[in-house]
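# Understanding the architecture of this molecule
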Amino acid sequence: MQPGGNVTGMTNFMNVLRAKRLELVSEIVPAAMVLGLLVNPTNPNAEADIRDLHAAAQALGQQLQ
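As a starting point, this report considers the structure included with it. Remember, predicted model here, so these are calculated numbers, not experimental data. (Residues numbered from 1 in each chain as written. Predicted model: local features only at pLDDT ≥ 70, side-chain atom pairs only at ≥ 80, totals over all residues. Heavy atoms only, no water.)

The next thing to look at is the nonpolar core. Counting 7 residues, the largest nonpolar core is built from L22, A32, L35, L53, A56, A57 and L64. Considering each element in turn, this core owes the most residues, 3 residues, to helix α2 (residues 46-59). (Core = buried A, V, L, I, M, F, W, Y, C linked by side-chain atoms within 4.5 Å. Buried < 20%, exposed > 50% of the residue type's maximum accessible area, 1.4 Å probe, protein only. Helix = DSSP H or I, 4+ residues; strand = E, 2+ residues; numbered from the N terminus.)

Structure, rendered in structure tokens:
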């Protein structure tokens, strides 16, 4: 990534790190208040991922779309 570039993706295979990864994004781009979340709705973990990430985002003062 070049300075001033965009973060274009991240994977979320380790469920225990959901909130920590969101904190990392917050540290990298502190002005980001609204973040996009892409999930596979057929994944059995999708609902838990969404729920946990929304809670983590709320704790950081961010919003997930």
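There's more to say after this.
Along the chain, Q62 turns up in the loop between α2 and β2 (63-64). Owing to a relative accessible area of 8%, Q62 belongs among the buried residues under this scheme. A polar atom in the side chain of Q62 sits 3.2 Å from the backbone oxygen of A32. Contact partners of Q62, with chain neighbours within four places excluded, come to L22, S26, A32, M33, L35 and A57. (Polar contact = N/O pair within 3.5 Å; in protein donor to acceptor, adjacent residues only side chain to side chain. Contact = heavy atoms within 4.5 Å.)

Tracing the sequence through the fold places A46 in helix α2. Not counting residues within four places of it along the chain, the set of residues in contact with A46 comprises N40 and P41.

Here we come to helix α1 (residues 18-28). Note: α-helices contain 3.6 residues per turn, so residues at a spacing of three or four share the same orientation. Buried residues of α1: R18, L22 and S26, and no others. Across the axial projection of α1, the buried residues extend over an arc of 80 degrees, all falling on one side. Opposite the buried face of α1, by more than 90 degrees, sit the exposed residues K20 and E27. Tucked inside the fold, the buried residues of α1 contact β1 (34-35), α2 and β2. (Arc of directions from axis to C-beta.)

Mapping H54 onto the fold places it in helix α2. Owing to a relative accessible area of 36%, H54 belongs among the partly exposed residues under this scheme. Distance from H54 to L64, taken between C-alpha atoms, is 6.3 Å for residues 10 residues apart in sequence.

Worth remembering: the numbers are spatial, not functional.
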